[in-house]
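# Secondary and tertiary structure notes
Letter by letter, the chains look like this.
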Amino acid sequence: TERQSSIDGTWDQIERYFAPMRGGNFFQPQTTESELTFSRPRIYSDIPISASSNLASTLHGNLTSSVLQWFEFKFRKPQLNFDNRARSWLELCARQVFHSLMDSNFDLEVAEAYLDLIHFGNSGIITERDGKEFIFSTIPVRELYFTSDHRGRVLRLYRRHQWTAEQIVHRFDGKCPEHIKAKLDDPTTKHDIIQCIYPRTVPSITRALPGNRPIGEVYLCRTTGETCGEEGGYYSMPVAVARWSKTSGSRWGHGPSAVALPTAITLNELVSLSLDNAEKAVSPANLATPNGLLSNLDLGPDGLTLVQDVDRSLKPYESRARFDVGTLEIARLEDSINRIFLVDRLDLKESPAMTATEVSARMEKMARLLGSTLARIQGELLVPIIERVFAMLDRANELPPKPENLKNEDYDIYFTGPLPRAMRRDVTVSMLGLLDSVAQAGQVMPALMEALHPVRFSQYLAYASGVPAEVLRTKDELEEAQEAQQAREQEAMEIERMKAMPTPPPGGIQEGFGP
């Protein structure tokens, strides 16, 4: 009810102009398939649609790429991150979590989540597991209701499902109200089933039956309140809800589409007006004098119209409309929408190619513009999903065995996609700049080269750049390599010393030698 009076009306307008096929009519229940509308009349500009979709695709490709691993784990204790054995174990765990995500439908569902974030400012994903397979489901915003705790995290979630009787019976193995079973012959009528996920007052334990887990789940028939199926449960909150930008005083957020909505409405009306005027210019009205027409006006091909005077009885009406003003105003509104969705920042320039420096600078600029939004998406959506998948794999003993010295060590999640990497690029740039400066100044003052520790410098540069631990030597391997290098240097010095010693002449003892 609170959304019907405030938010849903705005979301209906956003759906109309930015996402024409995302569902429509947020607070009007759709009881049959025939009530869905696949056509959107009187939408005359696709700029809002393409601009918002372009931003969603950019976020998907640069934040959660399906090709490259886009996150890693790092220990909270800095010294452990330079222990290659510990790092190798943590990297194996991160790789296992990433492969679990890629083997599931995560990539498909997170794309829908990005669209909902940009369009409606809110998005939710449920993480579940069926056997060995992880199942992700993006909750349509029209079905999403939730409450938050004092820290803004999801406390309770309510999702409205609209299923046919056949779907309900199949979902709950026949454990559903009798009045629903009685409508199995009706394949079109949908029933409202409310999914409730809520916290229980039970202790958090490692293994428990669904009814004794910290998070409970139940499905209720909306009209009668009867339970469908058995009560379930989770070890942790399975739902992650993210907001593009929070709205003061509300649990709901808003996205760039809400900001661009007035401009999109104005653009649509102006394009509609321009099309009306263009129709008048292409097929203008006609002016005729009284009694000037001797027959009906025939404007069809090979038509014949009789007039009193060919020069004065009939002529087309010239509206003298300023099409150039309309065109300039349409271009201004389109540029405004493109700026809101960062199209001018995301599109490549029209030159044949961009240098690596230009690409890096563009990514850094985009990362700065989206800095606060990226932090919210990562913290509210991606981090809870990764932590939940990690915990589920750990509970199923599907992660590499944890070394004894790491049993109680905590870790943090770092994102390594192009956008997050661009935000941390200053560290590696500063280190490489220092190395170049010291190398140049060291030609004049060789003592400066002693200020840098070669091994520590290379280790930290690899750590900051996200280089896998497998390509680096462990502490023992490094000590062995150093000992081998010292042995080679010692052997080389011994050879040079032997070469420098005088040798006796051939054929006898040189004078001065012997007794």
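Residues numbered from 1 in each chain as written. Predicted model: local features only at pLDDT ≥ 70, side-chain atom pairs only at ≥ 80, totals over all residues. Heavy atoms only, no water.

On to the overall build of the chain. Looking only at helices and strands, the chain has 15 helices and 14 strands in total. Looking at the chain as a whole, 37% of its 515 residues qualify as buried. For the chain, the computed accessible surface area is about 30,200 Å², with 54% contributed by carbon and sulfur atoms. (Helix = DSSP H or I, 4+ residues; strand = E, 2+ residues; numbered from the N terminus. Buried < 20%, exposed > 50% of the residue type's maximum accessible area, 1.4 Å probe, protein only. Areas by Shrake-Rupley, 256 points an atom, 1.4 Å probe, with all protein chains shown as cover.)

Among the surface-exposed residues, Glu477, Glu479, Glu480 and Glu483 lie close enough to one another that they form a single negatively charged patch. Residue position: Glu483 is located in helix H15 (residues 475–500). With a relative accessible area of 54%, Glu483 lands in the exposed category. (Patch = residues over 30% accessible without salt bridge, like charges linked within 9 Å, V, L, I, M, F, W, Y side chains within 5 Å. Salt bridge = Lys/Arg side-chain N within 4 Å of Asp/Glu carboxyl O. Lys, Arg positive; Asp, Glu negative; His and termini not counted. Charge placed at Lys NZ, Arg CZ, Asp CG, Glu CD.)

All right, on to the packing of helix H4 (residues 106–120) against helix H11 (residues 371–395) then. One way to put it is that H4 packs onto H11 with a least axis distance of 13 Å and a crossing angle of 160°. Considering the angle they form, H4 stands roughly antiparallel to H11. Between H4 and H11 the crossing geometry is right-handed. Seen from H4, the contacting residues are Phe106, Ala113, Tyr114 and Leu117; seen from H11, they are Ile377, Leu381, Leu382 and Ile385. Considered class by class, the residues forming the contact of H4 with H11 number eight nonpolar, no polar and no charged. (Axes fitted to C-alpha atoms, helices over the stretch in contact; angles between N-to-C directions. Parallel < 35°, antiparallel > 145°, perpendicular 65-115°, else oblique. Left-handed = near helix turned anticlockwise from the far one by under 90°. Contact = heavy atoms within 4.5 Å. Nonpolar A, V, L, I, M, F, W, Y, C, P; charged D, E, K, R; others polar.)

Core analysis: the largest hydrophobic core is formed by 82 residues, its most contacted members being Phe71 and Phe73. Of all the elements, H11 adds the most residues to this core, at eleven residues. If we ignore the near neighbours within four places in the chain, the residues touching Phe73 are Leu90, Cys93, Ala94, Val97, Ile386, Phe390, Tyr411, Asp412 and Ile413. Residues Ile168, Cys176, Ile180 and Tyr219 belong to the second largest nonpolar core, which totals eleven residues. (Core = buried A, V, L, I, M, F, W, Y, C linked by side-chain atoms within 4.5 Å.)

By the secondary structure assignment, Asn268 is in helix H7 (residues 256–282). Residue class for Asn268 comes out buried when judged on its relative accessible area of 4%. Beyond its immediate chain neighbours, meaning those up to four positions away, Asn268 contacts Tyr17, Arg42, Ile43, Tyr44 and Ser45.

What follows is about unusual backbone geometry. Of note in this structure, Leu342 is not a glycine but carries a positive phi near 60°. Within the secondary structure, Leu342 is located in the loop between helix H8 (323–340) and helix H9 (343–346). Taking the relative accessible area as the measure of exposure, Leu342 reaches 11% and is therefore buried. Residues other than glycine seldom take positive phi values, yet Asn397 does so here, at roughly 55°. Within the secondary structure layout, Asn397 lies in the loop between H11 and strand S14 (411–415).

Its 15 residues give H4 an end-to-end C-alpha distance of 20 Å, which sits within 8% of 21 Å, the value for a rise of 1.5 Å per residue. Across the 15 residues of H4, eleven count as buried, placing the element largely inside the fold. All buried positions along H4 are accounted for by Phe106, Glu109, Val110, Ala113, Tyr114, Leu115, Asp116, Leu117, Ile118, His119 and Phe120. Just beyond H4, the residue with positive phi is Gly121, at close to 80°. (Expected span 1.5 Å × (residues − 1).)

Now for empty space enclosed by the protein. Scanning all chains against the criterion turns up two cavities of 30 Å³ or more. Around the second largest cavity, the lining residues are Tyr17, Ser45, Pro48, Ala264, Leu267 and Asn268. In terms of residues, the lining of the second largest cavity owes the most to one element, H7, which gives three residues. Its residues assigned to classes, the lining of the second largest cavity comprises four nonpolar, two polar and no charged. (1 Å grid on protein atoms, 1.4 Å probe; cavity = no way out; pocket = protein on both sides within 12 Å on 5 of 7 lines; lining within 4 Å. Points joined across faces, edges and corners; volume = space filled by probe spheres on them.)

Moving on: H7. Over its 27 residues, H7 runs 37 Å from end to end, which matches the ideal 39 Å to within 8%, given 1.5 Å per residue. Its axis deflected by about 40° at Pro262, H7 carries its strongest bend there. All of the buried residues along H7 are Pro256, Ser257, Ala260, Leu261, Thr263, Ala264, Leu267, Asn268, Leu270, Val271 and Ser272. For H7, the secondary structure elements touched by its buried residues are helix H1 (7–17), helix H2 (47–63), H4 and H8. (Bend = angle between axes of the 7 residues up to and from the residue.)

When their charged atoms lie close together, side chains carrying opposite charge are able to pair. Under the criterion given, the structure shown has 16 salt bridges. For Arg159, the salt bridge goes to Glu143, with nearest N and O atoms at 3.0 Å. Of this pair, Arg159 sits in strand S5 (residues 154–164) while Glu143 sits in the loop between strand S3 (133–139) and strand S4 (144–148), placing them 16 residues apart in sequence. Residue class for Arg159 comes out buried when judged on its relative accessible area of 10%. Two residues, Arg376 and Glu380, come together in a salt bridge whose shortest N-O distance is 3.0 Å. Taken together, the positions of Arg376 and Glu380, both in helix H11 and four residues apart, correspond to about one turn of that helix. Through salt bridges with shared partners, a single network forms among Arg76, Asp410 and Asp412.

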